Amino acid sequence: MDSPTQNTSLQRLQNVEKRIVRVLELAGGVMDELANPTGPRKEFINNHCREFMKMIKDIQVTLRDEIKSACEYRPFEKCDYSSRISNEICCKKLEYVLSQLDAMKQTIDEYQATI
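Residues numbered from 1 in each chain as written. Predicted model: local features only at pLDDT ≥ 70, side-chain atom pairs only at ≥ 80, totals over all residues. Heavy atoms only, no water.

Asker: Where do I start with the nonpolar core in this structure?
Answerer: One recurring pattern in soluble globular proteins: nonpolar side chains tend to sit buried together. The biggest cluster of nonpolar side chains holds five residues, and these are Val16, Val23, Leu26, Met55 and Ile59. Those elements that provide at least two residues to this core are α1 (4-34) and α2 (42-72). Examining the composition of this core, we find that three residues originate from one element, α1, more than from any other. In this structure Leu26 touches His48, Glu51, Phe52 and Met55, once residues within four positions along its chain are discounted. (Core = buried A, V, L, I, M, F, W, Y, C linked by side-chain atoms within 4.5 Å. Buried < 20%, exposed > 50% of the residue type's maximum accessible area, 1.4 Å probe, protein only. Helix = DSSP H or I, 4+ residues; strand = E, 2+ residues; numbered from the N terminus. Contact = heavy atoms within 4.5 Å.)

Asker: Can you help me understand the pattern of salt bridges in this one?
Answerer: It is possible for side chains bearing opposite charge to pair when their charged atoms get close. Per the stated rule, a full pass over the model turns up seven salt bridges. One salt bridge connects Arg22 with Glu51, and the closest N-O pair in it is separated by 3.4 Å. One end of the pair, Arg22, is in helix α1; the other, Glu51, is in helix α2, and 29 residues separate them in sequence. The exposure class assigned to Arg22 is partly exposed, which follows from its relative accessible area of 31%. On the basis of relative accessibility, which here comes to 31%, the residue Glu51 falls in the partly exposed class. Note that Asp58 and Lys54 form a salt bridge whose closest N and O atoms lie 3.1 Å from each other. In this pair, Asp58 and Lys54 both sit in helix α2, four residues apart, roughly one turn of the helix. Its relative accessible area of 29% is what places Asp58 among the partly exposed residues. Through salt bridges with shared partners, one network takes in Arg22, Glu25 and Glu51. (Salt bridge = Lys/Arg side-chain N within 4 Å of Asp/Glu carboxyl O.)

This is the structure in structure tokens:
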């Protein structure tokens, strides 16, 4: 099951997709207006270009936020694998140190037995 965060993220991305379609429609409208045989209407082009730029900025902000949110998503942050491995390595190191200490004790005992 998807988490609520994923659902809202997907919904935001779907809204971005709809805005991109609208941006393309605006660009197409401007192109049609520029190709108008009677000449382009300045106010029409200004309005479409203004809306186009506003929507592009909104899309950029939304996508930037979604990318940042995706980078913050850490599915394994509650995983204890690294701490378990670290503990196992520490145990192996301690076993090695203990074996070295035992060897040193045996050497000392042998030395004292020869004295």
